[in-house]
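Okay, here's what each chain looks like letter by letter:
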Amino acid sequence: MKVLRIDSSAQRGDSITRRLGSEIVRRLEQAHPEVEVQVRDLSDGIGFIDKHWVAANLTDHDRRDPSQHEVLSSSGSLVHELSAADVIIVTAPVYNFSIPASLKAWIDMICRARLTFQYTENGPKGMLKDRPVYLVMASGGVPFGSPVDFASDYLRHIFGFIGIQDVRPVFAEQTNRNKTAARAAALTMLDQWLPGETVPGVA
Ligand SMILES: Cc1cc2nc3c(=O)[nH]c(=O)nc-3n(C[C@H](O)[C@H](O)[C@H](O)COP(=O)(O)O)c2cc1C
């Protein structure tokens, strides 16, 4: 089982979303003997699309010149690792009512017409096969699903847009109020998908 884990918090050791992501990996490893985890840590940096990228992406694959293939190569690698994964874990804090910029940059890289989605007579159609995505999110004050949550529905929409409907939310909301309660609520959500005992110190 190939697991792709995409982290986006600027925090490291004390990040609640990262710790919940680690708990999911631990439970997957417990349930499946052969789990291979690939980590894409977006806080290490990710490029932005630019005019060269857009032009290359609009050019048919067979008509691209070598420099256009080069411009699209990291985007192509990100799409490849996404489509190769059996299970995806995305960990994302709410930043300024939305998602971290690094995660948006990743989305810009993986939403590729004719590769991950296509336009049909009936509108856009996702091209990736469906698979579970554990969507781990945390907010300081914003309740998920409220009018000021511009993050969770957006991420769910993006995964649906590329064909991945099986989105499994694991939300720690309003961590500024009570971090312990927020984490406990997230673990209760996780229990629905992956029942298990939580190991202290992981989540
Ligand atoms: C730069 C920044 C912006 C934030 N903006 C918001 C926000 O708009 N709304 C909110 O509810 N929490 C906001 N927070 C709080 C985080 O979402 C919250 O602390 C979350 O638990 C962080 O998850 P992490 O520990 O995995 O990094 C922000 C935090 C940071 C660092």
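Above this note sits the structure.
All figures in this text were calculated on a predicted structure; none of them were measured in a lab.

Basis of the calculations
- Residues numbered from 1 in each chain as written.
- Predicted model: local features only at pLDDT ≥ 70, side-chain atom pairs only at ≥ 80, totals over all residues.
- Heavy atoms only, no water.
- Salt bridge = Lys/Arg side-chain N within 4 Å of Asp/Glu carboxyl O.
- Helix = DSSP H or I, 4+ residues; strand = E, 2+ residues; numbered from the N terminus.
- Buried < 20%, exposed > 50% of the residue type's maximum accessible area, 1.4 Å probe, protein only.
- Contact = heavy atoms within 4.5 Å.
- Pairing = 2+ DSSP bridges.
- Axes fitted to C-alpha atoms, helices over the stretch in contact; angles between N-to-C directions.
- 1 Å grid on protein atoms, 1.4 Å probe; cavity = no way out; pocket = protein on both sides within 12 Å on 5 of 7 lines; lining within 4 Å.
- Points joined across faces, edges and corners; volume = space filled by probe spheres on them.
- Nonpolar A, V, L, I, M, F, W, Y, C, P; charged D, E, K, R; others polar.
- Near = heavy atom within 4 Å.
- Polar contact = N/O pair within 3.5 Å; in protein donor to acceptor, adjacent residues only side chain to side chain.
- Areas by Shrake-Rupley, 256 points an atom, 1.4 Å probe, with all protein chains shown as cover.
- Sits in = over half its atoms within 2 Å of the grid points.

Enquirer: I'm lost on the pattern of salt bridges in this one. Help?
Expert: Close approach of charged atoms allows side chains with opposite charge to pair. Inspection of every chain in the model, using the stated rule, returns 12 salt bridges. Note that R12 and D41 form a salt bridge whose closest N and O atoms lie 3.3 Å from each other. Here R12, found in the loop between β1 (2–7) and α1 (16–31), pairs with D41, found in strand β2 (residues 36–41); they are 29 residues apart in sequence, far enough to count as distant. Its relative accessible area of 43% is what places R12 among the partly exposed residues. Taking the shortest distance from any N to any O, the salt bridge between E81 and R40 comes out at 2.7 Å. With E81 in helix α4 (residues 73–84) and R40 in strand β2, this pair connects stretches of sequence that are 41 residues apart. Classification of R40 by relative accessible area gives partly exposed; the value is 30%. Salt bridges linked by common partners bring R5, D7, R12, R18, D41 and D44 together as one network.

Enquirer: Any chance you could explain the environment of L78 here in plain terms?
Expert: Assignment of secondary structure puts L78 in helix α4. Between the alpha carbons of L78 and R18 there is a distance of 20 Å; along the sequence they are 60 residues apart. Residues contacting L78, with those up to four places away along its chain left out, are R40, I46, W106, M109 and I110.

Enquirer: Sorry, what's going on with the sheet that holds β2 here?
Expert: Backbone hydrogen bonds are what pair the strands of a sheet, in a parallel or an antiparallel way. Spatially, β2-β1-β3-β6-β7 is the arrangement adopted by the 5 strands of the open sheet, whose pairing is parallel. The open sheet has two edge strands with one neighbour each: β2 and β7 (167–172). This sheet shows a mean twist of 15° between the axes of neighbouring strands, independent of strand direction. In this sheet, strand β6 (residues 133–138) lies alongside strand β3 (residues 87–93) in parallel orientation, the contact comprising 6 bridges. Residue A92 lies in a different strand from β6, and its bridge partner there is M137. Across the sheet, helix α6 (residues 152–161) lies against β3, β6 and β7, angled at about 160° from β6, the strand it touches most.

Enquirer: Just to check I follow, could you spell out α6 for this structure?
Expert: In an α-helix, one full turn covers 3.6 residues, which means residues spaced three or four apart are oriented alike. Three or more residues of α6 are buried, namely S152, L155, I158, F159 and F161. Check the buried side of α6 and you find it contacts β3, α5 (101–110), β4 (117–120), β5 (123–126), β6 and β7. Remark: G163 follows α6 within two positions and exhibits a positive phi of approximately 110°.

Enquirer: Just checking my understanding: could you explain the layout of surface pockets for this structure?
Expert: Over the atoms a probe the size of a water molecule is rolled, and this reveals where empty space is left. Considering only enclosed or pocket space, the largest pocket measures out at about 230 Å³ in volume. If you go around the largest pocket, you meet 15 residues; those closest to its centre are Q11, I16, P93, A138 and T175. In terms of residue class, the lining of the largest pocket is made up of 5 nonpolar, 8 polar and 2 charged.

Enquirer: Could you clarify how one ought to interpret the side chain of T91 in this entry?
Expert: The residue T91 is located in strand β3 in this model. The contacts of T91, once residues within four sequence positions are left out, are I6, D7, S8, S9, T17, G21 and V136.

Enquirer: Even after reading the chapter, I still don't get the site of the ligand, so can you show me in this structure?
Expert: Around the ligand there are 17 residues in total, and S9, S15, T17, V94 and F97 lie nearest to it. S9 is positioned such that a nitrogen or oxygen atom in its side chain is 2.6 Å from an oxygen atom of the ligand. One nitrogen or oxygen atom from the main chain of G140 is found 2.9 Å from a nitrogen atom belonging to the ligand. For the ligand, the accessible surface in isolation is 640 Å², of which the surrounding protein chains cover 73%. Spatially, the ligand is embedded in the largest pocket. The class makeup of the residues in the shell around the ligand is 7 nonpolar, 9 polar and 1 charged.

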